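# Chains, contacts and geometry: an overview
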Amino acid sequence: GLYWGLGPTLLGILVYSGTTWTIYETLKEHPPRLPSLRGGQPDDHQHDARRHDARAPTTTSGTGSASTATSTSHSQHAFYGGFAGICGQVISYPLDVLRRRMQTTQLGNTMPLVVMSKMLKTEGVGSLFKGLSVNFVKGPVVTGVSFMTYNAIDRWLAKTYLP
């Protein structure tokens, strides 16, 4: 009984991590053109800045000194991470429900596919997403802050330790 649900747990970790990192990196490399808060048109300067690598040294006009181009702000990284976290939760949540169901109830069989098929037959597809809405409060904030922090530390390390 101690290891019931281990398979769905490990698979869920892979699915969640793979989804969140893929979506985050995709948004970071190809940011959507959103209307600027200052006006109704997309911010062309921010959109064009994404073409510069965050680690590529560029020269500032007039000074000749090298600086690091930043393509996105901390708040954008937090938003991208939060959105990626929501997507990862939605995709991997059925595995989390399956794990909990295997650990807390005695359904007579510990095979994940058997447990899932019994859930689907008796409760329907909605049973795979029970409690998901609660994760929409905490999940995006935690994931957004994590990715924002990761990016800030990555930029700092690149700026400090790379030539």
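Scroll up a little and you will see the structure.
### With respect to the nonpolar core
- Residues Y93, V97, L98, M102, V115, M116, M119, L128 and L132 constitute the largest nonpolar core, which totals nine residues.
- Those elements giving two or more residues to this core turn out to be α3 (74-104) and α4 (112-123).
- The dominant element in this core, judged by the number of residues it contributes, is α3, at four residues.
- Leaving out residues up to four positions away in the same chain, M116 has contacts with P94, L98 and L128.
- Membership of the second largest hydrophobic core comes to seven residues, among which are L27, Y80, A84 and F147.

### Some details on the packing of aromatic side chains
- Counted according to the given criterion, the structure contains six aromatic pairs.
- When the centroid spacing of 5.1 Å and the interplanar angle of 90° are considered together, the rings of W21 and Y150 count as edge-to-face. Of this pair, W21 sits in helix α1 (residues 6-29) while Y150 sits in helix α5 (residues 132-161), and the two are 129 residues apart along the sequence.
- Under the relative-accessibility criterion, W21 is labelled partly exposed at 37%.
- Of the residues examined, Y150 reaches a relative accessible area of 35% and is grouped as partly exposed.
- Among the aromatic side chains, those forming a connected cluster through ring pairs are W21, Y24, F147 and Y150.

Reading the values: the criteria
- Residues numbered from 1 in each chain as written.
- Predicted model: local features only at pLDDT ≥ 70, side-chain atom pairs only at ≥ 80, totals over all residues.
- Heavy atoms only, no water.
- Core = buried A, V, L, I, M, F, W, Y, C linked by side-chain atoms within 4.5 Å.
- Buried < 20%, exposed > 50% of the residue type's maximum accessible area, 1.4 Å probe, protein only.
- Helix = DSSP H or I, 4+ residues; strand = E, 2+ residues; numbered from the N terminus.
- Contact = heavy atoms within 4.5 Å.
- Phe/Tyr/Trp six-rings, centres within 6.5 Å; stacked < 30°, edge-to-face > 60°.

Any link to function would need more than the numbers given here.
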